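Working through the structure, step by step
Each chain is listed here by its residues.
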Amino acid sequence: MTVHNKLIYIFTVFVLLSSTSTLKAQVTESDSTEVESDDENDENEGDFDANFTGYSDVTYWDLLRDPNFKFDPKIIPATQHYEGVDWDTITINPYKVSLKEMNDTILLALKDSFDCEFHPPAIGDISSNFGFRRWGRRPKFHYGVDVRMEVGDPVYAMFDGVVRVAKRSADYGYVVLIRHYNGLETLYAHFNQLLAYSGQPVRSGDIIGLAGSTGRSTGPHLHFEVRYKGEKIDPNKIVYFPSGSLLSDTLQIDKHCFSHLYQVKSVKLKSKYHIVKRGETLAKISYTYGMSVKHLAKLNRISLKTKLARGRRLRIK
Ligand SMILES: [Zn+2]
């Protein structure tokens, strides 16, 4: 069997084995456009799609790499910035640090001719920018830049580095996260197809996936994030998207890069939530809080028919 056939074969088996009911449940619940990188869902980011966990031995994208591939820990980039935290190939943010009160100022050399060239992740119209956006009545922070794309459009590694995470997650869909030699990490989400595997060294401009609309997304686009120690930075500070050019060869990182986190916190404090208990329905919960079912559904961007899983967090204010 050729590698290509093998890929198709394993993927087919894999899809057949996966329970379709879980997939359907996800589709009906996610009538929101996308909730990736939500203000509080860092815990979701570590999730594998439930369908994939049982088959982690052989996965579709694992077949992209040579079966004899052995990751060489000597090639881990930017270890001086990430000391004390293991190279994690599953969790998107294993660092759990807060930088909004950082006292230091760090100057990163984004690009140098030695080991860090630059290539824009994608060139196209921005359909949704970094910052607050409305979700029904709820303002929500969008931690990345969405670039409008056609399914199958190539997406490129922005700088040289090593792929840390390449997986499927419920919110991000097929997602790639690269650790760069300059100290930044970049994340690319909603791929139709992954063309990268964790541990893979990449040069800027390498194609790491083909654009799509997997995960919580309603149309094909690239959701792109820039992170330093897990904290998101506005990508517009680095790239001028309309032309796809690098704004500066250096990036100064200080607490002002993370000042948006104060706004996120103040909005969060104004919201109230209800954790769904066993057997509770939308009707019952809305009655408890003296609101209409319609209003409750709209506030949470779900349909009136959505089945509520126990433990789900519903916004009630
Ligand atoms: Zn997005």
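In every chain, residue numbers begin from 1 and rise along the written sequence. In keeping with the predicted nature of the model, local features appear solely for residues at pLDDT of at least 70, side-chain atom pairs appear and are counted solely at 80 or more, and the whole-chain, interface and lining totals rest on all residues. Only heavy atoms go into the side-chain values, all of them from the structure, while hydrogens and water stay out.

Quick look at the overall build of the protein
- Each helix is a run of H or I in the DSSP string that is no shorter than four residues. Each strand is a run of E no shorter than two, and both are numbered from the N terminus. Across its full length, the protein holds 7 helices and 19 strands.
- Type-normalised accessible area, obtained with a 1.4 Å probe on protein chains alone, sets the label of each residue: buried when under 20%, exposed when over 50%, and partly exposed for intermediate values. Looking at the protein as a whole, 47% of its 317 residues are labelled buried.
- Restricting to contacts in the protein with at least 6 residues of sequence separation, those with at least 24 account for 71%.
- Roughly 15900 Å² of accessible area belongs to the protein as shown, and the carbon and sulfur atoms make up 53% of that amount. Only heavy atoms matter for contacts: two residues are in contact if any of them lie within 4.5 Å across the pair. Calculation of accessible area relied on Shrake-Rupley with a 1.4 Å probe; when residues are assessed, cover is drawn exclusively from the protein chains displayed.

What about the packing of aromatic side chains?
- Two aromatic rings, drawn from Phe, Tyr or Trp (for Trp, its six-membered ring), form a pair once their centres lie within 6.5 Å of each other, and the interplanar angle then sorts them: stacked below 30 degrees, edge-to-face above 60, tilted otherwise. Scanning all chains against the criterion turns up 11 aromatic pairs.
- Arranged with centres 5.5 Å apart and planes meeting at 10°, the rings of F71 and W87 form a pair that is stacked. One end of the pair, F71, is in the loop between helix 4 (50-53) and strand 1 (106-109); the other, W87, is in the loop between helix 4 and strand 1, with 16 residues separating them in the sequence.
- Here F71 falls in the partly exposed class, since its relative accessible area comes to 26%.
- Counting every residue linked through ring pairs, the aromatic cluster contains F130, F132, F141 and Y143.
- Here the basic side chain of K100 rests over the ring of Y262, its NZ or CZ set 5.6 Å away from the ring centre.
- Two conditions define a charge located above a ring, namely a distance within 6 Å from the ring centre to NZ of Lys or CZ of Arg, and an angle within 35 degrees of the ring normal. Here the basic side chain of R313 rests over the ring of Y273, its NZ or CZ set 4.0 Å away from the ring centre.

Some words on the pattern of salt bridges
- Definition used for salt bridges: Asp or Glu carboxyl oxygen within 4 Å of a side-chain nitrogen of Lys or Arg. Inspection of the entire model under this criterion finds 9 salt bridges.
- In this structure, D72 engages K74 in a salt bridge whose closest nitrogen and oxygen atoms are separated by 4.0 Å.
- Its relative accessible area of 31% is what places D72 among the partly exposed residues.
- Taking the relative accessible area as the measure of exposure, K74 reaches 76% and is therefore exposed.
- In this structure, D125 and R148 form a salt bridge, with 3.7 Å as the shortest nitrogen-oxygen distance. Of this pair, D125 sits in the loop between strand 1 and strand 2 (126-128) while R148 is found in strand 5 (residues 145-148), placing the two residues 23 residues apart along the sequence.
- Assessed through its relative accessible area of 52%, D125 is described here as exposed.
- Ionic contacts of the salt-bridge type, sharing partners, join the residues R164, R179 and E185 into one network.

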